[in-house]
Each structure stands twice: as C-alpha cells, then as structure tokens.
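A look at the structure
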Amino acid sequence: MDSYNIIKVNATKSTNDKVKMLIKSKKINHSDLIFAKYQYKGRGQTNKRWYSSYDKNLLCSLYYDLSKESNYTIPRLNFIVGLSVLKTISFFSNQKISIKWPNDILAENKKISGILIENKIKSGKIIYSIIGVGININQTNFKSIPNATSLKNIEGKEFNSDHLLDKLIENYKLFFLKSKDENLILKEYNNSLYGKIECKFLIQDKVFFGKVVEVIKNGNLVAEVESIGLKEFKTGEIKILI
C-alpha cells in the first residue's frame, strides 16, 4: 500500500501549481502530498477561482505516478477521488453529503468541497495525476461564493485540518484499492450522486427541470430532462444547478 509523504507549506499560488513546479525540478515522488495553509490563486475546473481564508480549510494536492499502471482511466480517477472526499467529510458530519457531478461535493445542498484533477497523458495513457482537493472546514463567511458552506457551518464547531487530511489519505488508500473492481466503485459513486430525485440543469444557457439517472463508465452523465427526455451528456454540455 502507498505511503503518503505530507509536504506542508505556508502559502502558495495553488497546491496543484506547486506540484507542477516540483515535477519540473524533479523534487517530488509518487504519493507526495502538498498541504497549504493558504493559496493566493487557487482554482477549480475551467480555471474558476477558488477562494479560501488563511488556515481555515484543507487545501492539498497529491502527486500520483501512474506510469507503471495500465488500467486507470480519467473517469475512474474521478470516481476514486470523489468518493474519497465524500467519505472523509461524512466521517466528520451527520448531514447528507453528496457528489454533484462532475467535481463538487455538497453538504445540505451547498458546496463544501471542490476537486481539480490534472493529468499528464501520453499515447492515450495517464503518466501521472495531480489530484487537487479543497474542503471548507472552519471558514464561515463566503461573501463572493453563493451556495457555499463548511463543516463548521453545518456542525457548529471547529475541526482540525490535520485530522481531515489523515482521514482523506486513509480514504485515498481505500478507494485506490477498491477501484480494482470498477463496477463496485461505480455503483458506490452512483449511490452518492446529488439530483437523483429531482434537480435543475443548465443546458445552452437555458434552465431545465429533471433528474440525474446515473454516471456511466466513460464518466458521462445520463439525465432525464424535461422536453428532452433521457440523454447522455459530456462534461461541459450540461451543468447541475443548486
């Protein structure tokens, strides 16, 4: 089983960018993890800014070398990381935690965590993955971010970020191991999805009502959408609204 080496930094542009710098200078090894108190240019999917107060949240990026592995796909990595983060937050909270496809974790239908996975691909194979995760822990004010929350907001008490990181690493180990059975991990992922009873979608700047049906092996979303019916969507073709 992988041994995780935690590298703590006070502040960095973003933890994913810090990993990239260490890759370039050849100063990082498989399963090294950058853990920052603050990032001044944190980002999420499609380069959206991720705002975080100093020393209030869990901000980390894992370098995972897959050059000797042949059976990891981008969707499978998304399933592993999504479930790892969800189970970590669930350990510290009694609230309903769910995965909003493709890369957010919700608590009480508000965003509590974001995931940014960046992969180096050569000849169709993943060489390495940089797994960036932000979990809102003790921050209580989210002025510029609608529909955001934190563990402190939903549980009414403060948490130790080191304890969350330890649990996240424990879950990474568990789900990388579990992922050898892709059907099992996909079933668990689908059982954790937000919007399976009803939700709103944004498609080509129009809002539709419907529900999430499932995510399939290729990572695409199957949804039942009003006036459209049952359809498969790629990332970027549809957005789930909260």
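Since the model is a prediction, treat every value here as computed from it, not as a measurement.

Turning our eyes to something else, we now look at the packing of aromatic side chains. By convention here, two paired aromatic rings are described through the distance between centres and the angle between planes. On inspection of all chains with the given rule, the structure shows 8 aromatic pairs. Ring geometry for tyrosine 38 against tyrosine 54: centres 6.3 Å apart, planes inclined by 50°, an arrangement best described as tilted. Note that tyrosine 38 is positioned in strand β2 (residues 32–39) and tyrosine 54 in the loop between β2 and β3 (58–65), a separation of 16 residues in sequence. For tyrosine 38, a relative accessible area of 29% corresponds to the partly exposed category. Tyrosine 54 gets classed as partly exposed once you look at its relative accessible area, which sits at 43%. When the centroid spacing of 6.1 Å and the interplanar angle of 85° are considered together, the rings of phenylalanine 92 and phenylalanine 159 count as edge-to-face. On the criterion of sequence distance, the pair formed by phenylalanine 92 in helix α2 (residues 74–92) and phenylalanine 159 in the loop between α3 (151–155) and α4 (161–178) is long-range, its members being 67 residues apart. In this structure phenylalanine 92 comes out as buried when scored by relative accessible area, which is 17%.

On to the side chain of serine 93. Along the chain, serine 93 falls in the loop between α2 and β4 (97–100). A distance of 3.0 Å separates a polar atom in the side chain of serine 93 from the backbone nitrogen of glutamine 95.

Formed by 59 residues in total, the largest nonpolar core has its most connected members in Val133, Tyr172 and Phe201. Here the element with the most residues in this core is α2; it accounts for 9 residues. Of all hydrophobic cores here, the second largest spans 9 residues; its members include Val9, Ile28, Ile34 and Tyr63.

This paragraph deals with the sheet that holds strand β5 (residues 104–107). Sheet architecture is open: 7 strands sit in the order β1-β2-β3-β7-β6-β5-β4, paired in mixed fashion. Of all strands in the sheet, those with a lone pairing partner are β1 (5–12) and β4, marking the two edges. Taking each pair of neighbouring strands and ignoring which way they run, the sheet shows an average axis angle of 20°. Note: β4 against β5, 4 bridges, orientation antiparallel. Residue pairing in the sheet places isoleucine 97 in a bridge with alanine 107 of β5. Where α2 meets the sheet, its contacts fall on β4, β5, β6 (110–122) and β7 (125–135), and the angle it forms with β6 comes to roughly 150°.

On to the pattern of salt bridges, then. Inspection of every chain in the model, using the stated rule, returns 10 salt bridges. Ionic pairing is found between aspartate 104 and lysine 100, a salt bridge with its closest N-O pair at 3.6 Å. Lysine 100 shares its class with aspartate 104; the two are buried. Ionic pairing is found between glutamate 188 and lysine 178, a salt bridge with its closest N-O pair at 3.0 Å. Of this pair, glutamate 188 sits in helix α5 (residues 182–191) while lysine 178 sits in helix α4, and the two are 10 residues apart along the sequence. Sharing partners across several salt bridges, the network here consists of Asp17, Lys20 and Glu118.

The next point concerns the sheet that holds strand β9 (residues 206–215). On the basis of which strands lie adjacent, the open sheet formed by 5 strands has the order β11-β10-β9-β8-β12 and antiparallel pairing. Only two strands of the sheet have a single neighbouring strand rather than two, namely β11 (229–233) and β12 (239–241). Averaged over all pairs of adjacent strands, the angle between their axes in this sheet comes to 45°, without regard to strand direction. Relative to β12, strand β8 (residues 199–203) is paired through 3 bridges, and the arrangement is antiparallel. Bridge assignment links phenylalanine 201 to a residue of β12, and that residue is isoleucine 240.

What counts, and at which threshold
- Along each chain, residues carry numbers from 1 onward, in the same order as the chain's sequence is written.
- Whole-chain, interface and lining totals are the exception, using all residues; otherwise, since this is a predicted model, local features are given only for residues with pLDDT of at least 70 and side-chain atom pairs are given and counted only at 80 or more.
- Excluding hydrogens and water, the side-chain values take into account all heavy atoms of the structure.
- Here is the rule: rings of Phe, Tyr and Trp (six-membered ring for Trp) pair when centre to centre is within 6.5 Å. Planes less than 30 degrees apart are stacked, more than 60 are edge-to-face, and the remainder are tilted.
- Helix and strand assignments come from DSSP, with helices taken as H or I runs of at least 4 residues and strands as E runs of at least 2, each series counted from the N terminus.
- Type-normalised accessible area, obtained with a 1.4 Å probe on protein chains alone, sets the label of each residue: buried when under 20%, exposed when over 50%, and partly exposed for intermediate values.
- Pairs of N or O atoms are called polar contacts if they sit within 3.5 Å, as long as, within protein, a hydrogen donor faces a hydrogen acceptor (for residues adjacent in sequence, only side-chain-to-side-chain pairs).
- Buried residues of nine kinds, namely Ala, Val, Leu, Ile, Met, Phe, Trp, Tyr and Cys, make up a nonpolar core once their side-chain atoms join them within 4.5 Å.
- Note on pairing: DSSP must find at least two bridges between two strands before they are called paired.
- Throughout, an axis means a line fitted to C-alpha atoms (over the contacting stretch in the case of helices), and angles, computed between N-to-C directions, take values from 0 to 180 degrees.
- Any two residues whose heavy atoms approach within 4.5 Å at even a single point are treated as in contact.
- Salt bridge, as used here, is a side-chain nitrogen of Lys or Arg placed within 4 Å of a carboxyl oxygen of Asp or Glu.

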